[in-house]
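# Structure assessment
One letter stands for each residue in the lines below.
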Amino acid sequence: MKRKLTISVAVLILFILLFATGSRIHGSSVLNTALARYEKEAGPVVPHRYAPPAPTPENRVKGDNIAIWLKAGAELVYMTMKEKRFLDELIKKDYRNLSTSDKSALLDLLNRNDVALEVLRRVTRCQNSSFELEYNAGFNMQIPRYLQMMYARSLLDSKARLHLAEGQLAEAINLVAAEERIAAALQHDPVLIGGLVGLAVEKDYHEMVHVILPQADQSILAELMQQMQHLKTMTLPASRFLAAEGAVLYHSFNNLPFSSLEAYRDGPNALPWVHRFFKRQLIANSLDLYADYVSLSKRPYQSISKNEWTSSSFLREELRKALFPNVSNIVERFQSAEAARILSSAAVELCLKGHTEGGYPASLAPLTSPYTGEPSAYSVHSDGSATLSFPKDDAFWDSNHKGNTTMRKPRFVWNLPAVKTLSSK
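No experiment lies behind these values; they were computed from the predicted model shown. (Residues numbered from 1 in each chain as written. Predicted model: local features only at pLDDT ≥ 70, side-chain atom pairs only at ≥ 80, totals over all residues. Heavy atoms only, no water.)

Moving on: the pattern of salt bridges. Summed over all chains, the structure comprises 20 salt bridges. Measuring nitrogen to oxygen at the nearest pair gives 4.0 Å for the salt bridge that ties glutamate 118 to arginine 121. One end of the pair, glutamate 118, and the other, arginine 121, are both in helix α6 (residues 114–121), 3 residues apart, so they sit about a helical turn from each other. When its relative accessible area of 40% is taken as the criterion, glutamate 118 is described as partly exposed. The salt bridge involving aspartate 204 is made with arginine 408; its shortest N-O contact spans 2.8 Å. Separated by 204 residues along the polypeptide, aspartate 204 in helix α9 (residues 192–212) and arginine 408 in the loop between α16 (391–400) and β3 (413–416) bring together distant segments of the chain. Since its relative accessible area comes to 36%, arginine 408 is described here as partly exposed. Taken together, the salt bridges that share partners define one network made up of Arg153, Asp157, Arg161, Glu179, Asp204 and Arg408. (Salt bridge = Lys/Arg side-chain N within 4 Å of Asp/Glu carboxyl O. Helix = DSSP H or I, 4+ residues; strand = E, 2+ residues; numbered from the N terminus. Buried < 20%, exposed > 50% of the residue type's maximum accessible area, 1.4 Å probe, protein only.)

The complete set of buried residues in α6 reads Ala116, Leu117, Val119 and Leu120. Looking straight down α6, one finds its buried side chains confined to an arc of 160°; they lie on one side. (Arc of directions from axis to C-beta.)

In this section: the sheet that holds strand β2 (residues 386–389). Reading across the sheet, the 3 strands line up as β1-β2-β3 and stay open at both edges, with antiparallel pairing between neighbours. Each having just a single partner strand, β1 (377–380) and β3 make up the two edges of the open sheet. Between one strand and the next, the sheet's axes are offset by a mean angle of 10°, whatever the strand orientation. Pairing of β2 with β3, which is carried by 4 bridges, proceeds in the antiparallel orientation. If you follow serine 389 over to β3, its bridge partner there is valine 413. Here helix α15 (residues 327–357) sits on the sheet and contacts β1, β2 and β3; the angle it forms with β3, its principal contact strand, is near 10°. (Pairing = 2+ DSSP bridges. Axes fitted to C-alpha atoms, helices over the stretch in contact; angles between N-to-C directions. Contact = heavy atoms within 4.5 Å.)

Core analysis: the largest hydrophobic core is formed by 113 residues, its most contacted members being Leu186, Ile212, Leu213, Phe324 and Leu416. Ranked by residue count, the leading element in this core is α15, at 12 residues. In contact with isoleucine 212, not counting residues within four places along its chain, are Leu164, Leu169, Ile173, Val176, Ile220 and Leu224. (Core = buried A, V, L, I, M, F, W, Y, C linked by side-chain atoms within 4.5 Å.)

Axis separation between α9 and α15 bottoms out at 10 Å; the angle between their running directions is 30°. Taken together, the axes of α9 and α15 are roughly parallel relative to one another. For the element pair α9 and α15, the recorded crossing hand is left-handed. Packed against α9, whose contacting residues are Leu192, Gly195, Leu196, Leu199, Glu202, His206 and Val209, the element α15 presents Ile330, Arg333, Phe334, Ala337, Ala340, Arg341, Ser344 and Val348 at the interface. Taken together, the residues of the contact of α9 with α15 break down into 9 nonpolar, 3 polar and 3 charged. (Parallel < 35°, antiparallel > 145°, perpendicular 65-115°, else oblique. Left-handed = near helix turned anticlockwise from the far one by under 90°. Nonpolar A, V, L, I, M, F, W, Y, C, P; charged D, E, K, R; others polar.)

Once that is clear, we can look at the environment of valine 248. Here valine 248 shows up in helix α11 (residues 238–255). Residue classification places valine 248 among the buried residues on the basis of a relative accessible area of 4%.

Structural data, given as structure tokens:
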């Protein structure tokens, strides 16, 4: 009896060893295949977190790093949650007609944060950015930092709007320039939460430019054009952010033994011991999932069906829910922001031509929206004004976000002031 038990235990141990070896060999094969596909779609899986661009020693000495001033200014900001909600509501109002109580509360908030605002304004001296100190922070540590940066920038935006309402255009332009630098910096390094905050900042920036255009002279339009070029140079597409997230997940799974699905966000929480046998298969399926996302994000959002964001595989679908449940929404944000950026830049360029050539061109080569893949519309009106838009984008956004008040629509329609108004500046 004892001998039979010993033989049974030995057979069981042998079976477990063979199973573990087979799982390991099979897992390695599946992982290598998935890794090759991922790198074909998304590029190399970088060996460190997010692969931030390293600033040169010269830039460090000169302080030519937007991220340094942004982080410093954000740390100096003091606002209560009530005041943050107040700023969120205030942006929906016309600053020319603020109530006495709203204006008084805003001025008090701005005066209290005067030092922080002065630090934030220094980003206008910089062209480069690297959040090099952020890359080892976990996901939950990053969120409060980036939200603090967003509210710091909200103070700049509010002060700029107040200057515009009071006719102080030069002061407003300086703050708008700082807003552009912050939007560009947050979208330059591929940290997803930073990129999403950067998109929100950029929306407000384009709204400010739209308000400024009727008041802008040639020198201001030229400055706005430079800002647009800087923003275009610095910002990254959705595919780059998704590729970075996939790389982070791969290295977290690979380097942290038995890490959980949330390890790349929250740290190494152990899975049950049985998952040791399937770690490579888990990583392979995750890489396949991110390769799909990167591939989809390169297509216009309108052309992607809802079914393409989900997976027929039970494991892949569970991974999607755990890792990236809102990927469709994220890709839409990036692509719609890029479409708005294209229009904004073209609108400023048209206004500049209106100044230099005495009128808007009769026609304009169509622009193509990365959001819908559809062309722009352009018309010059009898009074000398003009309209530039992505009409399909505007309609598609409205149909896609019926009843949703949490996401503000990017500016897909630009009403350009009459040339005679521009010429009088």
